[in-house]
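Structure at a glance
Chain by chain, the residues:
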Amino acid sequence: MTDQEKALLFGGPAHGLCVTVMGRPPILQVTYPCEVDEIGAAEGGAGVRVEALHVYRLDPGDADASPRYGYDPASP
């Protein structure tokens, strides 16, 4: 089993958040819910969820230091 580590997100909308990761995944996805207006729900969108997706990539930096993930504004 891989050890859990605390990782820091930097840049973008989740800047400064600390998350727990296992195995230093190369990419993290952060989502934020978006509001769906009543008109869309009335036109058959009831129950639909919309989320903004943001991608953070592992900074290769120092392998012995805590992992850091930088915002990738070009993804997806």
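Residues numbered from 1 in each chain as written. Predicted model: local features only at pLDDT ≥ 70, side-chain atom pairs only at ≥ 80, totals over all residues. Heavy atoms only, no water.

1. Let's talk about the sheet that holds strand S4 (residues 50-58)
Note the threshold: For two strands to pair, DSSP has to find at least two bridges joining them. Labels follow the DSSP assignment, with helices taken as runs of H or I lasting at least four residues and strands as runs of E lasting at least two, numbered in each case from the N terminus. Angles shown run from 0 to 180 degrees and are taken between the N-to-C directions of axes, each axis being a line fitted to C-alpha atoms and, for helices, limited to the stretch in contact.
Strand order in this open sheet of 5 strands is S2-S1-S5-S4-S3, and the pairing throughout is mixed. Each having just a single partner strand, strand S2 (18-22) and strand S3 (27-34) make up the two edges of the open sheet. Neighbour-to-neighbour, the strand axes of this sheet turn through a mean angle of 40°, independent of strand direction. As paired strands, S4 and strand S5 (residues 68-72) are joined by 4 bridges and run antiparallel to one another. Paired with Leu 58 across the two strands is Tyr 69, which belongs to S5.

2. Some remarks on the side chain of His 54
Definition in use: Each residue gets one of three labels from its accessible area relative to the maximum for its type: buried under 20%, exposed over 50%, partly exposed in between, using a 1.4 Å probe on protein chains only. Two residues qualify as a contact provided that any one of their heavy atoms is within 4.5 Å of a heavy atom in the partner residue.
Tracing the sequence through the fold places His 54 in strand S4. Classification of His 54 by relative accessible area gives buried; the value is 16%. Setting aside chain neighbours within four positions, we find His 54 in contact with Pro 13, Leu 28, Gln 29, Val 30, Tyr 32 and Tyr 71.

3. Some details on the environment of Ser 75
Tracing the sequence through the fold places Ser 75 in the segment after S5. In sequence terms Ser 75 and Tyr 56 are 19 residues apart; their C-alpha atoms lie 8.8 Å from each other. Excluding residues that lie within four positions of it along the chain, Ser 75 makes contacts with Val 55 and Arg 57.

4. As for the side chain of Asp 72
Where we set the bar: Polar contacts, as counted here, are pairs of nitrogen or oxygen atoms within 3.5 Å of one another; within protein the pair requires one atom able to donate a hydrogen and one able to accept it, and residues that are adjacent in sequence qualify only if both atoms are side-chain atoms.
Turning to its location among the elements, Asp 72 is positioned in strand S5. The exposure class of Asp 72 is buried, given its relative accessible area of 15%. Within the structure, Asp 72 has its side chain in polar contact with the side chain of Arg 57 (distance 2.5 Å). Dropping the residues within four chain positions of it, Asp 72 is found in contact with Val 55 and Arg 57.

5. Some points on the nonpolar core
Grouped burial of nonpolar side chains is what soluble globular proteins tend to show. Stated precisely, the cut-off is as follows: What makes a nonpolar core is a set of buried Ala, Val, Leu, Ile, Met, Phe, Trp, Tyr and Cys residues whose side-chain atoms join them at distances within 4.5 Å.
Ala 7, Leu 9, Ala 14, Val 21, Leu 28, Val 30, Tyr 56 and Tyr 69 together form the largest nonpolar core, which totals 8 residues. For Leu 9, the contacting residues outside a window of four places in its chain are Ala 14, His 15, Gly 16, Leu 17, Val 19, Leu 28, Val 30, Tyr 56 and Tyr 69.

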